[in-house]
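Each chain is listed here by its residues.
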Amino acid sequence: VPLEEMSLPLFFGWFLLPGIQDKVRCTSMDFLKTLDTLEAFKKHLPDFTVEAEKEVDLEQYFQANGALHCTTKFCDYGKAEGAKEYADKPAVKELYGSAFELSLSALFVTPRTVGARVSLSEDQLTLWPADAEKEAVPLVPAAATLPAGSRAHITLGCAEGVEPQQTGFDLLEILALQQEGQEGELVEEMELGSLAYYGKGRWLLSLREPVSAQACFSSLYG
Ligand code: ACK
């Protein structure tokens, strides 16, 4: 990348502080460890993997990648649509480098990704790009009618060959089903919260106690 194109980052987002990253990773690992032992998970395994396996080790199935963060705007060093406009927003300039408390309200698993849903506060929504949900419409048509911030997530792992941006699409799919009135099939009350199944290998654990995660609003040049 030529230097003159380096003025905008790969992406802006909230970066979790190191201590809370460890906690979130542990919570995610515990969830995966429990999920793949549940009878309900085994029953729906054919929805999860195309291979004729009897078992899947979810901790091996998903690969973790890099520092935990919640992307606000993917800029691609300025090549992404709206990148410059986002970087120039007054809220982005004012709040750059500030500390925030993110609320992680759910964990979800699909055959492609594992992630955490981030429920943004009014203040945090001032940093959310207006078109984040609309950008997903080609893949998730119902995203057009979901509230701003619905796509906010932390990618915790991706299956082999899956790009991390898939995590946000997977979350939007589940939220779209909820909006249509499908509450999912309540599978189990777990220690962490209630686990529901949404078909096609999609699982959502609504956390009893949302995890509060300290994070810094910043950017990554990568
Ligand atoms: O897990 P994520 O939110 O998904 O964090 C990474 C980060 O940017 C660096 O790759 C996200 N990302 C990648 N491409 C896009 C895109 N086209 N739109 C939105 N987010 C993206 C990816």
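Note that the structure is predicted; figures quoted are calculated from it, not measured.

A.B. asks: Which parts of the structure should I look at to understand the nonpolar core?
C.D. replies: One broad rule of soluble globular proteins: the nonpolar side chains tend to lie buried together. Core analysis: the biggest nonpolar cluster contains 51 residues, and L102 and W203 have the highest contact counts within it. No other element matches strand 9 (residues 203–220), which puts seven residues into this core. Ranked by size, the runner-up nonpolar core spans 16 residues in total, among them A106, F108, V140 and F169.

A.B. asks: Sorry if this is basic, but what is going on with helix 1 (residues 18–35) here?
C.D. replies: An α-helical turn contains 3.6 residues, so any two residues separated by three or four positions project in the same direction. Taking 1.5 Å of rise per residue, the 18 residues of helix 1 would be expected to cover 26 Å, and the 26 Å separating its terminal C-alpha atoms lies within 8% of that figure. Along helix 1, the residues that are buried comprise I20, Q21, V24, T27, S28, F31, L32 and L35. Here the buried residues of helix 1 occupy an arc of 135° about the axis, which is enough to place them on one side. Turned more than 90 degrees from where helix 1 packs its buried face, P18 and G19 sit exposed.

A.B. asks: What exactly am I supposed to notice about the site of the ligand here?
C.D. replies: In the vicinity of the ligand, the contacting residues are F11, H69, T71, F74, R151, H153, T155, P164 and Q165. Within the side chain of H153, one N or O atom sits 3.0 Å away from an oxygen atom of the ligand. Q165 places a polar side-chain atom, nitrogen or oxygen, 3.3 Å from a nitrogen atom of the ligand. When the free accessible area of the ligand is taken as 450 Å², the share hidden by the protein chains comes to 80%. Residue assignment for the shell around the ligand shows that the elements contributing at least two residues are strand 3 (69–74) and strand 6 (153–159). Residues of the shell around the ligand, tallied by class, amount to three nonpolar, five polar and one charged.

A.B. asks: Sorry, what's going on with the confidence of the model for the protein here?
C.D. replies: When pLDDT is low, close inspection of the predicted coordinates is not appropriate. In this model, the protein carries an average pLDDT of 94, and 97% of its residues clear a pLDDT of 70 or more. Taken over the whole predicted complex, pTM reads 0.96, whereas the ipTM for its chain interfaces reads 0.98.

A.B. asks: I tried to follow the pattern of salt bridges on my own but got confused; where do I start?
C.D. replies: Two side chains with opposite charge may pair up if their charged atoms get near one another. For the structure shown, the criterion picks out seven salt bridges. The residue R112 makes a salt bridge to D170 at a minimum N-O spacing of 3.0 Å. Linking R112 in the loop between strand 4 (99–109) and strand 5 (113–119) with D170 in helix 8 (residues 166–179), this pair joins segments that are 58 residues apart in sequence. With a relative accessible area of 25%, R112 lands in the partly exposed category. The exposure class assigned to D170 is buried, which follows from its relative accessible area of 0%. Connected through shared salt-bridge partners, K73, E135 and R151 make up one network.

A.B. asks: I'm lost on the side chain of T72 in this one. Help?
C.D. replies: The topology assignment puts T72 in strand 3. Residue class for T72 comes out buried when judged on its relative accessible area of 6%. Within the structure, T72 has its side chain in polar contact with the side chain of Y86 (distance 2.9 Å). Not counting the four nearest positions on each side in its chain, T72 is found in contact with F12, G13, W14, Y86, L127, W128, P129 and F217.

Rules used throughout
Residues numbered from 1 in each chain as written. Predicted model: local features only at pLDDT ≥ 70, side-chain atom pairs only at ≥ 80, totals over all residues. Heavy atoms only, no water. Core = buried A, V, L, I, M, F, W, Y, C linked by side-chain atoms within 4.5 Å. Buried < 20%, exposed > 50% of the residue type's maximum accessible area, 1.4 Å probe, protein only. Helix = DSSP H or I, 4+ residues; strand = E, 2+ residues; numbered from the N terminus. Expected span 1.5 Å × (residues − 1). Arc of directions from axis to C-beta. Near = heavy atom within 4 Å. Polar contact = N/O pair within 3.5 Å; in protein donor to acceptor, adjacent residues only side chain to side chain. Areas by Shrake-Rupley, 256 points an atom, 1.4 Å probe, with all protein chains shown as cover. Nonpolar A, V, L, I, M, F, W, Y, C, P; charged D, E, K, R; others polar. pLDDT = per-residue confidence, 0-100. Salt bridge = Lys/Arg side-chain N within 4 Å of Asp/Glu carboxyl O. Contact = heavy atoms within 4.5 Å.

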